[in-house]
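Here's the letter readout for the chains.
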Amino acid sequence: MDDAYVVGDPEGLSPLLAEIRDAVARELHAQLALRAERIELADVPEIAYQVTLGVDRVLTGRLTPPRRTSAGR
């Protein structure tokens, strides 16, 4: 990881794309750990599904407006 990434310039990606990239990387890392560092062709649909759920969490978190509480009024 180079210094530009650490200080907030993730290879010119928008903040949304950087979050999506990170979600995909986290899920792939987790899947590789679960599968002994080897992804079989038959596992690709399940992995793609899990990656999609991760991207959905990123998008849902960005699109959902913050909830107002009684303290935030």
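Because the structure is predicted, anything quoted here is derived from the model rather than measured.

Scoring rules and cut-offs
Residues numbered from 1 in each chain as written. Predicted model: local features only at pLDDT ≥ 70, side-chain atom pairs only at ≥ 80, totals over all residues. Heavy atoms only, no water. Helix = DSSP H or I, 4+ residues; strand = E, 2+ residues; numbered from the N terminus. Buried < 20%, exposed > 50% of the residue type's maximum accessible area, 1.4 Å probe, protein only. Contact = heavy atoms within 4.5 Å. Areas by Shrake-Rupley, 256 points an atom, 1.4 Å probe, with all protein chains shown as cover. Core = buried A, V, L, I, M, F, W, Y, C linked by side-chain atoms within 4.5 Å. pLDDT = per-residue confidence, 0-100. Patch = residues over 30% accessible without salt bridge, like charges linked within 9 Å, V, L, I, M, F, W, Y side chains within 5 Å. Salt bridge = Lys/Arg side-chain N within 4 Å of Asp/Glu carboxyl O. Polar contact = N/O pair within 3.5 Å; in protein donor to acceptor, adjacent residues only side chain to side chain.

Student: Help me out: how do you make sense of the overall build of the protein chain in this one?
Tutor: Looking only at helices and strands, the protein chain has 3 helices and 0 strands in total. Counting every position in the protein chain, which comprises 73 residues, the buried fraction comes to 15%. In the protein chain, the proportion of contacts linking residues at least 24 apart, taken out of those at least 6 apart, comes to 42%. Here the protein chain has roughly 5900 Å² of accessible surface; of this, 60% comes from carbon and sulfur atoms.

Student: How should I be thinking about the nonpolar core in this particular structure?
Tutor: Counting residues in each nonpolar core, the largest one holds 6 residues, listed as I20, A23, I47, V51, V55 and V58. Only α2 (15-34) and α3 (44-63) provide two or more residues apiece to this core. In terms of residue count, α3 provides more of this core than any other element does, 4 residues in total. Excluding residues that lie within four positions of it along the chain, V58 makes contacts with L16, E19, I20 and A23.

Student: Mind showing me how you'd approach the confidence of the model for the protein chain here?
Tutor: Detailed reading of the predicted model is not advised wherever pLDDT is low. Scored by pLDDT, the protein chain has a mean of 81; 71% of the residues are at 70 or more. Within the protein chain, the lowest mean pLDDT, 49, falls on helix α1 (residues 3-6), and the highest, 92, falls on α2.

Student: Where do I start with a nonpolar patch on the surface in this structure?
Tutor: Taken together, the side chains of L28, I39, L41 and V44 define a hydrophobic patch exposed on the protein surface, amounting to about 360 Å² of accessible area. Topologically, V44 is positioned in helix α3.

Student: What am I meant to see in the side chain of E27 here?
Tutor: One can find E27 in helix α2. Within the structure, E27 has its side chain in polar contact with the side chain of Q31 (distance 2.8 Å).

Student: Can you walk me through the pattern of salt bridges in this structure?
Tutor: Between side chains of opposite charge, a pair can form as their charged atoms come close. One pass over the full model with this rule turns up 3 salt bridges. Measuring nitrogen to oxygen at the nearest pair gives 3.0 Å for the salt bridge that ties R21 to D22. For R21, a relative accessible area of 25% gives the class partly exposed. Given the relative accessible area of 23%, D22 is considered partly exposed. Close ionic contact of D43 with R35 constitutes a salt bridge, the shortest N to O distance being 3.1 Å. The exposure class assigned to D43 is partly exposed, which follows from its relative accessible area of 21%.

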